[in-house]
Amino acid sequence: MLLNKFIKLYLFIFSFIFSQSIYNAYGLGLSRTSFHSSVNGAGSVGLIPSFHPGVSMDNTATWPGLNFTYISGSYTNQAHAIKSSNINNQASRFNKFQFVIPIRERYALGLTVKPLNNNNSFFTTDTLAFNFEGTDILTSKEFRSGGGIMEASFGLAFPLNSRMGLGITINHLFGSSRNEQSVIINNIYYRMFNLRTYTGSTFDFDFAGLLFKDSSLSISTYARVGLTNKPVSGNLYNFNFYEDSNNSYSFDSDDYPGDLVVDTTSISNIYSPNSFSFGVNLAFKNSLNIFSEFQMLNDESTNDNYASIFNDKIGSKYHFGGGLIRFGNLNARAWQDQITFRLGAYRDNYSLINSRKSLIENGISIGFGFKFAASGNQIDFSYRNGSRLITDGQKELFKEITIGVSLGDMWFLRRRAKQ
Amino acid sequence: MYNNFKTFFIINLIAILFFSACDEAAIPIDTSKTPLSIDTISFPVVNTISYQVPPDVGSHEFLYFGKKNEFDFLYNLIRFSSIDSTNQQTFTDYNDSLIVADSMKLIMTFVLDSIDQNADFQLRYFPNSGDSVFNELSTNYTNFDYLNASSVISSSSLSIVNIDSVTSQVRLNFLMDTTIINVFSDTSVTSFNASFLVELKNKNASEFKFFSSNNLSSPPKLRIFYRSFLSDSVVLDTSFHTYYSSQDVSIIDKPYIGSEDTYNLSVGLAKGLRSLVLVDMEGWKLPEHSIVSSADLVYNKINNDTLIGYSVSSYPINNQADFSKFNIYDTDPYNIESNYLSSAPIIDNILKIDYRKILTDYGRGSKINYGFKIQSSQNSDPFKTVQFHNLNSNVTYPVLRVIYVTK
């Protein structure tokens, strides 16, 4: 009981903390490539097996390959640095929470909750000084934002034939984001606050197929088609400016004006992602896997009423990546042989809608997984390092450490018949 | 194994919590690429004028007698609360057969605790004036009829009263007999006026200054001494009920107005001087989702004498003003938007009044700009007249400077 309470408290506290990035301020922010720590370690988009031979926790079609039912959670610590400004930011967050049940090695179903994007940012401008008819004025601006879209998913996997499987995932998108824009005049803050709520839904169709297999090599392909069912819409609550006379960060009776007017606007079709992903995995007899992935995502939303101080947003994304994974053997005698090793490199190319600028993200990743106990419990560590650079913009370096814990248990699995 | 794992898991989570410090540094960006802007605008003052209304000293902390500088105080009017300090005893309660009111005393407290010079004061009241005699905020020499008062009912001069072994007060004590009490307790007039007129016997005496009802420590008091009977034969000791002044005002004779008062922008309570200012904001619109940071109308005082604690209040007026000449009015013809009160102290000979609240409504088109009225605040020295430069000044003419933040 104590453990359960602790986990709940822990997840609650850190579910809403995100690290800042310049690129979180472009529209809805960057869409994450990977969520589970095992996927992170391989630098993958989650198609190819990375958790267990034949299984990716981010690919529904592969879930029947799990030997146990899993409750899995991933937790990330991110650090961002702006090289030119010597700015460092760091924060931690919950990355994914998942419950997957394989059924008789042919079917599987699962529930997943994860933060789809991240609006967290904090910008400030230089202080400008000017004289207005004898009065000296010092002014600067601050922009803060946080929150984003969460995704709750229900996934179902079933076989097409003995070598191919299909997964269907229904995703409900929800959540809210906040942003505050401030002008500071002679140390007095004039704040404007916006609150946006989100709701929408998408479908993912995952595919996993074994193309070739002999004693030394097997070749499998994986694919995902992501479609928007109901584009993200919601409400925009736009609070008018107020003078934060006591700098309390919230509107209170000391502030001007005496009442705060809020305009409520319904916003529709602000995020409508459609994607196609494809991956190939070569599995050798010594448990070594070599993979390559490609992903193409396009946001076909038509409404640009989003929280962005840059008046721009991510319109499309291309991902290229590859790497190798060596799965550990739970039955091996030496503990070193029980460790799963992951290594990957990738390149994400984002395009901005209005400015048509490109944002390039290059990253490398490394990860380890360690199985323990007879029920297939697994703890995964991953480290990702990379850079983001926008045309005519600042270079951002990022580091990310993810820890995932997956606890296994036997549900709906074939059991040995009693003698 | 599970117990071991549970321990391992908890330790792991605590370790992550411990090492996952949150570091939030602001990322610097170029201000030109960001939304929100600060705009400034100056509006010219196009019309200014002063005018005079009767003296306005009803909210002052003191009551005056005699002569003070250029002001002649004719008399003082005092009204007492109809219920005593314990909130239990009204004047009509003395009609009870078990209570016998013996005498009544009106007490006024002098501001000094010693007597340099004494004078005779006399007291009148208003037995035939129904429920109301005056209003401290509007009664003045033009609208009060001295002849409504009775003949003199009591006289007094300053005397020292020892409050305790170390404290003494200088007071006026006007004693009254049961004749006056009977008028106060008469039930034929609902809510009798309970008012008195206090005056100097010799009108040419110099200044005498007493605490008014606006002074919480020593306001004028009315004491009614009485005996109460437990039965027809058992009498309790004599005691008294105290009634405090609810309104009072010093009536000032028509004050002298000089050319410096009429030529400049002048304000002063005792002289009844107020001024009007019209700012040209024609055609200006405050952008949507904007906030006015400041809208300061700056007035420059003419005399460089030091003023301490002198503040000026200002309101937008809601009718057309006459800027053609200095006028004298019996009542102020310019109605104000009291919700938009703005006041400021004079600091270093500059008065800076912030009009941002009304300016916001002007900018949004929800109010019409007829101009601003300025007048001395009620807590300022009522006998000090302050002059500001008007449009005739070459350099220090008033101007409205606005800073606002827009989306």
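Just so you know, these numbers come straight off a predicted model, no measurement behind them. (Residues numbered from 1 in each chain as written. Chains lettered and ligands numbered in written order. Predicted model: local features only at pLDDT ≥ 70, side-chain atom pairs only at ≥ 80, totals over all residues.)

On to the overall build of chain A. On a plain count of helices and strands, chain A comes out with two helices and 17 strands. Taking 22 Å as the expected radius of gyration for a compact globule of 419 residues, we find that chain A reaches 24 Å, a close match to that expectation. Over its C-alpha atoms, taken along the principal directions, chain A stretches across nearly 95 × 45 × 40 Å. For chain A, buried positions account for 45% of its 419 residues. (Helix = DSSP H or I, 4+ residues; strand = E, 2+ residues; numbered from the N terminus. Rg over C-alpha atoms; globule rule 2.2 N^0.38 Å. Buried ≥ 20, exposed ≤ 12 C-beta atoms within 10 Å, placed from the backbone.)

Before going further, it helps to spend a moment on the pairing of strand S5 (residues 128–132) of chain A. Taking burial as the measure, the five residues of S5(A) include zero buried ones, a minor fraction of the element. Linking S5(A) back to strand S6 (residues 135–159) of chain A in an antiparallel pair, the connection comprises two residues, with A:Glu133 at a positive phi of about 45 degrees. (Pairing = 2+ DSSP bridges.)

This next bit is on the nonpolar core. Residues and elements named next belong to chain B. Leu-77, Ile-180, Phe-184, Phe-196 and Val-198 are the most contacted members of the largest nonpolar core, which totals 50 residues. Looking at which element gives the most residues to this core, the answer is strand S4 (residues 71–80), with six residues. Discounting chain neighbours no more than four positions away, the residues touching Ile-180 are Met-104, Tyr-125 and Ile-153. (Core = buried A, V, L, I, M, F, W, Y, C linked by C-beta atoms within 7 Å. Contact = placed C-beta atoms within 7 Å.)

Residue and element names in this part refer to chain B. With domains assigned, chain B is organised as domain 1 (37–54 + 255–406) and domain 2 (62–252). With six residues of domain 1 at the interface, the matching set in domain 2 holds eight residues. For the side of domain 1 that touches domain 2, the per-class residue count stands at five nonpolar, no polar and one charged. (Domains from an automatic or database assignment. Nonpolar A, V, L, I, M, F, W, Y, C, P; charged D, E, K, R; others polar.)

Our focus in this paragraph is unusual backbone geometry. All names here are of chain A. Tyr-256 connects to Pro-257 through a cis peptide bond whose omega is -5 degrees. The residue Pro-257 is located in the loop between strand S9 (217–244) and strand S10 (262–271) in this model. Although it is not a glycine, Glu-133 sits at a positive phi angle of roughly 45 degrees. With respect to the secondary-structure elements, Glu-133 resides in the loop between S5 and S6. A count of 10 C-beta atoms within 10 Å places Glu-133 in the exposed class. The phi angle at Arg-356 is positive, at roughly 60 degrees, despite the residue not being glycine.

Glancing now at helix H4 (residues 356–363) of chain B. All names here are of chain B. Most of H4 is tucked away, with six of its eight residues classed as buried. For H4, the complete set of buried residues consists of Arg-356, Ile-358, Leu-359, Thr-360, Tyr-362 and Gly-363. With its phi angle positive at about 80 degrees, Gly-365 sits one or two positions after the end of H4.

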